[in-house]
Amino acid sequence: MWDTIWINGKLATMDARHMANGDGYGAIPDGAIAIEGDRIAWVGRMRELPDRPEALATHVRDAGGRWITPGLVDCHTHLVYGGNRAKEFELRLTGASYEEIARAGGGIVSTVQATRAASEQELLESASVRLERLMEEGVTTVEIKSGYGLDTETECKMLRVARKLADQHSITIRTTFLGAHALPPEFKDRPDEYIDLVCSEMLPKVAEQGLADAVDAFCEGIGFTPAQTEKVFQAAERYSLPVKLHADQLSDLDGAALAAKHNGLSADHLEYTNEKAVKAMARAGTVAVLLPGAFYFLRETKMPPMEAFREHGVPIALATDSNPGSAPVTSLLLMMNMACTLFRMTPAEALAGITIHGARALGLADRVGSLTVGKRADFVLWDIEEPAELAYRIGHNPCAGVIRSGHIAR
């Protein structure tokens, strides 16, 4: 017998094998999901069950006709940090640009000071609050980056906190080392020396302690050059760590193409990405991670090349980019709405962006992101009439229940 079977659900499977119906959701009306251990053991229509539910499983749960989706995946966050940057928000409203604030010693560097000063416990407590907001909306998998330490000790501290969050909240967290996020004050005008430190000291220490699942960098005029970024990628490859990249957010430095060259899991932001780079991403299987919260918060106007992504078959993921400076966001559902309104994505594309494509962006598509036999039993019950409501409503959370690894979490 199976451990549990959920019956009377409307399933948005987000599974390619059910996408032939053309609705974009892989929908199964009047569906059921069976769980064995922490895995999905069966998915299908109620009438296709081989016997009565009571004869098939130890526990029978009734979804009450609710829609069921895979657990949501937030594939790009900076949840662990100290302080906040509300003052900079005020400055931007008076006309200062994000780049001007960064060059004047604000921006990322101001968060670095607060993060270095915070204890591990303080970081854990503040990040827990932000993580819990995501979990309330059905998020079951989260990526958390470092990048606000910019020294070996604090970068490791941030990644340890991220690992502790996973244990404390029984949620899947993938950690990403982002030492090449900004130039710390002590290396002013010496970016090459700092990159050498990232590659020769920070990254080896992080890898030795098993603190990171991937390596990221900020390739931008106010970040690091493509050549400096490539050094970080080459160092990551020596430790068999996959790479991803903050790319082409404020200018086109061919960052997306660089990520694709190194078989990156994802290239993120991408407002200025050119079509040649999009083609390279398609060949490499690199996911485009769009961050509409940062786009909105910074009042950007240059849209990512949406039609090029669609034309060349690049998977499009969405994420909160939750961070103190450019996206103080803790709602993945809001990101769905923003992606539809700002980037003209369809609700089905947006849901794929925070499920199966979000999983791809973390290298987890074989484990989470769709209601598929063999994948982890992470799914969410919703009080909605149709899946498009998840993207349609603003400031509304219709989450009625969350199952993580086969167990009721909410």
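Reading the values: the criteria
Residues numbered from 1 in each chain as written. Predicted model: local features only at pLDDT ≥ 70, side-chain atom pairs only at ≥ 80, totals over all residues. Heavy atoms only, no water. Pairing = 2+ DSSP bridges. Helix = DSSP H or I, 4+ residues; strand = E, 2+ residues; numbered from the N terminus. Axes fitted to C-alpha atoms, helices over the stretch in contact; angles between N-to-C directions. Parallel < 35°, antiparallel > 145°, perpendicular 65-115°, else oblique. Left-handed = near helix turned anticlockwise from the far one by under 90°. Contact = heavy atoms within 4.5 Å. Domains from an automatic or database assignment. Buried area = accessible area lost by both parts, 1.4 Å probe. Salt bridge = Lys/Arg side-chain N within 4 Å of Asp/Glu carboxyl O. Polar contact = N/O pair within 3.5 Å; in protein donor to acceptor, adjacent residues only side chain to side chain. Disulfide = S-S within 2.5 Å. Buried < 20%, exposed > 50% of the residue type's maximum accessible area, 1.4 Å probe, protein only. UniProt positions renumbered as here; feature names shortened; annotations may be inferred. Phe/Tyr/Trp six-rings, centres within 6.5 Å; stacked < 30°, edge-to-face > 60°. Lys NZ or Arg CZ within 6 Å of the ring centre and 35° of its normal.

A few points about the sheet that holds strand β6 (residues 72-74)
The strand order across the open sheet built from eight strands is β6-β7-β8-β9-β10-β11-β12-β13, with neighbouring strands paired in parallel fashion. What marks the edges here is a single partner per strand, and that holds for β6 and β13 (316-318). Neighbour-to-neighbour, the strand axes of the sheet open up by a mean angle of 25°, direction not taken into account. Here strand β8 (residues 172-180) runs beside strand β9 (residues 214-219); their pairing, made up of three bridges, is parallel.

Topic: the packing of helix α6 (residues 152-169) against helix α7 (residues 191-208)
In the contact formed by α6 and α7, the axes pass within 10 Å of each other and the chain directions differ by 30°. The orientation of α6 relative to α7 falls into the category roughly parallel. Of the two elements, α6 crosses α7, and the hand of that crossing is right-handed. Here α6 contributes Thr 152, Glu 155, Cys 156 and Leu 159 to the contact with α7, which in turn contributes Glu 201, Met 202, Lys 205 and Val 206.

A word on the domain arrangement of the chain
When its domains are assigned, the chain resolves into domain 1 (2-70 + 370-408) and domain 2 (72-362). Relative placement of domain 1 and domain 2: their C-alpha centres are 31 Å apart. With 26 residues of domain 1 at the contact, the number on the domain 2 side is 22 residues. Summed over both sides, the interface between domain 1 and domain 2 buries roughly 1700 Å², with carbon and sulfur atoms accounting for 64% of that surface. Taken together, the links from domain 1 to domain 2 amount to zero salt bridges. Run the count over domain 1 and domain 2 and you get eight residue pairs in polar contact (both at pLDDT 80 or more). At the level of elements, β5 (67-70), β14 (379-382), α16 (389-392) and β15 (399-404) are the ones that each hand at least two residues to the side of domain 1 that touches domain 2. Considering each element in turn, the side of domain 1 that touches domain 2 owes the most residues, four residues, to β15.

Points about the state of the cysteines
Disulfides are covalent bonds that link the sulfur atoms of two cysteine residues. The full count for this structure, using the stated rule, is zero disulfides. Here Cys 219 stays free of any disulfide, with the sulfur of Cys 199 as its closest cysteine sulfur at 14 Å. Taking relative accessible area as the criterion, Cys 219 reaches 1% and is therefore assigned buried. Cys 340 provides the cysteine sulfur closest to Cys 399, a residue in no disulfide bond, and the two sulfurs are 19 Å apart. Among the residues examined, Cys 399 registers a relative accessible area of 8% and is labelled buried.

Observations regarding the UniProt feature "binding site: Fe(3+)" (unreviewed entry) in the chain
UniProt's entry tags His 76, His 78, His 246 and Asp 321 with the feature "binding site: Fe(3+)" (unreviewed entry), counted in the numbering of this structure. Look at the named residues: they lie 246 residues apart in sequence, but the longest C-alpha span between them is just 12.3 Å, so in the fold they bunch up. Checked against the element boundaries, His 76 lands in the loop between β6 and α2 (86-93). Overall, the relative accessible area of 0% leaves His 76 in the buried class. When near neighbours in sequence (up to four residues on either side) are disregarded, His 76 contacts Glu 143, Lys 145, His 246, Asp 268, Val 289, Leu 291, Ala 319, Thr 320, Asp 321 and Ser 322. Only 3.2 Å separates the side chain of His 76 from the side chain of His 78, close enough to count as a polar contact. Inspection of the secondary structure puts His 78 in the loop between β6 and α2. Classification of His 78 by relative accessible area gives buried; the value is 2%. Leave out the neighbours within four places in its chain, and His 78 touches Lys 145, Ser 146, Tyr 148, Leu 178, His 181, His 246, Asp 321, Ser 322 and Asn 323. Looking at His 78, its side chain comes within polar contact range of the side chain of His 246, at 3.5 Å.

Some thoughts on the packing of aromatic side chains
According to the stated counting rule, one finds seven aromatic pairs in the structure shown. Taken together, the ring pairs in this structure connect Phe 187, Tyr 194 and Phe 224 into an aromatic cluster. Between the NZ or CZ atom of Arg 130 and the centre of the ring of Tyr 81, over which it lies, the distance is 3.8 Å.

Describing the pattern of salt bridges
Any two side chains of opposite charge can pair, on the condition that their charged atoms come close. Tallying each qualifying case throughout the model produces 21 salt bridges. The partner of Glu 389 in a salt bridge is Arg 393, with the nearest N and O atoms 3.4 Å apart. When its relative accessible area of 14% is taken as the criterion, Glu 389 is described as buried. Overall, Arg 393 belongs to the partly exposed group, its relative accessible area being 38%. Three or more residues joined by partner-sharing salt bridges are found here, namely Arg 116, Asp 151 and Glu 186.

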